[in-house]
Amino acid sequence: MKTSFRPLLDRVLVRRVESEERSKGGIIIPDTAKEKPMEGEVVAVGSGTRQENGAIQPLDVKAGDRILFGKWSGTEVKIDGDELLIMKESDILGIVEVRQEARKAA
């Protein structure tokens, strides 16, 4: 049976993005020397934060966004065998946007 999870209010469900197993110089990094990545992909988001007047302010992130977060951010959970993080939107440092440079025709 597949479990579904919907974060509440300003919480975000994140899947860590695994880092490279080799350094830029080609050295293989063993699992014991790796730090947990601080980059992830947003899996699901809550409805937003409740303002003083009762209105809901939607979150800036959406499912599919690639984000950076603090080293100690979030709570680790296991859902259907996947290790995920639940964190507040305020724990997110920023959204990573990948830009492709336009190639010039020769």
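Everything numeric in this text was worked out from a predicted model, so none of it was measured.

Student: Teacher, can you tell me more about the pattern of salt bridges here?
Tutor: Oppositely charged side chains can form a pair if their charged atoms are brought close together. This structure, assessed with the given rule, holds four salt bridges. Notably, a salt bridge pairs Arg-66 with Glu-39, separated by 2.5 Å at the nearest N-O pair. Of this pair, Arg-66 sits in strand β5 (residues 66-69) while Glu-39 sits in strand β2 (residues 39-45), and the two are 27 residues apart along the sequence. By relative accessible area, which is 35% here, Arg-66 ends up partly exposed. For Asp-65, the salt bridge identified is with Lys-62, shortest N-O distance 3.1 Å.

Student: How should the sheet that holds strand β6 (residues 75-79) be read in this particular structure?
Tutor: Working definition: the strands of a sheet are paired by backbone hydrogen bonds and lie parallel or antiparallel to each other. With antiparallel pairing, six strands are arranged side by side in an open sheet as β6-β7-β1-β2-β5-β8. If you trace the sheet from one side to the other, it starts and ends with β6 and β8 (92-96), each paired once. For this sheet the average axis-to-axis angle between neighbouring strands, irrespective of direction, equals 45°. Pairing analysis gives four bridges linking strand β1 (residues 11-16) to strand β7 (residues 82-88), with the strands arranged antiparallel. In the sheet register, Arg-11 faces β7, and the bridge partner there is Lys-88.

Student: I tried to follow the side chain of Arg-16 on my own but got confused; where do I start?
Tutor: Secondary-structure assignment places Arg-16 in strand β1. Judged by relative accessible area, Arg-16 falls into the buried class, the value being 18%. A distance of 3.5 Å separates polar atoms of two side chains, one belonging to Arg-16 and the other to Glu-76.

Reading guide: rules and limits
Residues numbered from 1 in each chain as written. Predicted model: local features only at pLDDT ≥ 70, side-chain atom pairs only at ≥ 80, totals over all residues. Heavy atoms only, no water. Salt bridge = Lys/Arg side-chain N within 4 Å of Asp/Glu carboxyl O. Helix = DSSP H or I, 4+ residues; strand = E, 2+ residues; numbered from the N terminus. Buried < 20%, exposed > 50% of the residue type's maximum accessible area, 1.4 Å probe, protein only. Pairing = 2+ DSSP bridges. Axes fitted to C-alpha atoms, helices over the stretch in contact; angles between N-to-C directions. Polar contact = N/O pair within 3.5 Å; in protein donor to acceptor, adjacent residues only side chain to side chain.

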